[in-house]
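Chain residues, written in single-letter form:
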Amino acid sequence: MGRKKNNYFLFVQNNIAFLLFALLIGFLSIVFTQQRKNSVSAAAQQELASHVVRFHVLAESDSKEDQELKLLVKTAVLEYMEQPLARASSAEEALALLEQYTDNITQVAYDVLKEHHSNLSVKAGTERVYFPEKTYGDLTFPAGYYTAYRILLGSGSGQNWWCVLYPPLCFIDVTHCIVPEDSKETIKSFLTEEEYALITSDNVCINQDSLTQTDTPESTENPNTVEIRFRLLDWLTSNSQQASPE
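Residues numbered from 1 in each chain as written. Predicted model: local features only at pLDDT ≥ 70, side-chain atom pairs only at ≥ 80, totals over all residues. Heavy atoms only, no water.

Peer 1: Help me understand the overall build of the protein chain in this model?
Peer 2: Across its full length, the protein chain carries 7 helices and 6 strands. Secondary structure of the protein chain in N-to-C order comes out as α-β-α-α-α-β-β-β-β-β-α-α-α. Counting across all 246 residues of the protein chain, residues that qualify as buried make up 37%. Considering only residue pairs separated by 6 or more positions, the protein chain has 74% of its internal contacts joining residues 24 or more positions apart. A total of about 14,800 Å² of accessible surface is found on the protein chain, and carbon and sulfur atoms cover 53% of it. (Helix = DSSP H or I, 4+ residues; strand = E, 2+ residues; numbered from the N terminus. Buried < 20%, exposed > 50% of the residue type's maximum accessible area, 1.4 Å probe, protein only. Contact = heavy atoms within 4.5 Å. Areas by Shrake-Rupley, 256 points an atom, 1.4 Å probe, with all protein chains shown as cover.)

In structure tokens form, the structure reads like this:
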């Protein structure tokens, strides 16, 4: 009886050691995968930041009127700059064109405000700005600092609107999440395959004209990991019951 009991405890100890080893391997695999993903994301962000120009329109406040003015100014400026920016073949050329047209862009914004009986001030220019992670159609740009052409309406204290002026992602079909293929090809040209795959995988379309920016939390649990864990526990439980002394 004592020998059988000793064999049982040895069996349990071996199974616990096996379970701990499996959990350690799983944990190290998750850590390595996450570190690799973070490294690729950081590299992709740096490359994107050096090759794109983002657009940022900041409203005076979060009031309904100021938010509507923001969208009206955004639309008018994009319509005005769509053809000039079509001539740009690099971020540097796009920035040069924006600087060249800044006075006109400011006037376009003023005209919209005047039409809607607003006397807000307008300030337009290029800045280096931190952006959170943002999805355009089926492309997701990692969080980080980017060069942006900004338009501040009044104090610019309200919810803002943003997109990418170069390559032209501001003109995508947001309803159907369609990004122009030539814009995708431009982005693909300065990213590695791994970096490009990272910013195009598992993306969800977000309407750019929504007045507020929201993030949808996603489960960080890997369903395959959960299934394996349950199978291990089931296997250990089954075998321990078979080996348990009577």
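Peer 1: Help me out: how do you make sense of the pairing of strand β6 (residues 160-166) in this one?
Peer 2: Sheet faces and side chains relate simply in a regular strand, where the side chains alternate between the two faces. Summarising burial for β6: 7 of the 7 residues are buried, a large majority. Bridging between strand β1 (residues 53-58) and β6 involves 6 bridges; their strand directions are antiparallel. Counterpart to L58 in the pairing with β6 is N160. (Pairing = 2+ DSSP bridges.)

Peer 1: Sorry, what's going on with the nonpolar core here?
Peer 2: Side chains of nonpolar character tend, in soluble globular proteins, to be buried together. Membership of the largest hydrophobic core comes to 52 residues, with the highest contact counts inside it found for L48, F55, F141, I151 and I187. Apart from residues no more than four positions distant in its own chain, F55 is found in contact with K74, V77, L78, Y149, I151, W161, W162, C163, L165 and C170. (Core = buried A, V, L, I, M, F, W, Y, C linked by side-chain atoms within 4.5 Å.)

Peer 1: I'm lost on the state of the cysteines in this one. Help?
Peer 2: Linking two cysteines covalently via their sulfur atoms produces the bond known as a disulfide. If you walk through the whole model with that rule in mind, you get 1 disulfide. One disulfide bridge connects C163 with C170, the sulfur atoms lying 1.7 Å from each other. Here the disulfide of C163 and C170 is right-handed, its torsion about the S-S bond being about 80 degrees. Here the two residues C163 and C170 agree in accessibility, since each one is buried. (Disulfide = S-S within 2.5 Å.)

Peer 1: Mind showing me how you'd approach the sheet that holds β1 here?
Peer 2: Within a sheet, each strand pairs with its neighbour through backbone hydrogen bonds, oriented either parallel or antiparallel. The strand order across the open sheet built from 4 strands is β2-β5-β1-β6, with neighbouring strands paired in mixed fashion. On the outer flanks of this sheet lie β2 (122-131) and β6, each paired with one strand and no other. Averaged over all adjacent pairs, the angle separating strand axes in this sheet is 30 degrees, with direction ignored. Pairing of β2 with strand β5 (residues 144-153) involves 10 bridges; the strand directions are antiparallel. Its bridge partner lying in β5, V122 is registered against L153. Strands β1, β5 and β6 of the sheet are contacted by helix α2 (residues 64-86), whose axis makes an angle of about 5 degrees with β6. (Axes fitted to C-alpha atoms, helices over the stretch in contact; angles between N-to-C directions.)

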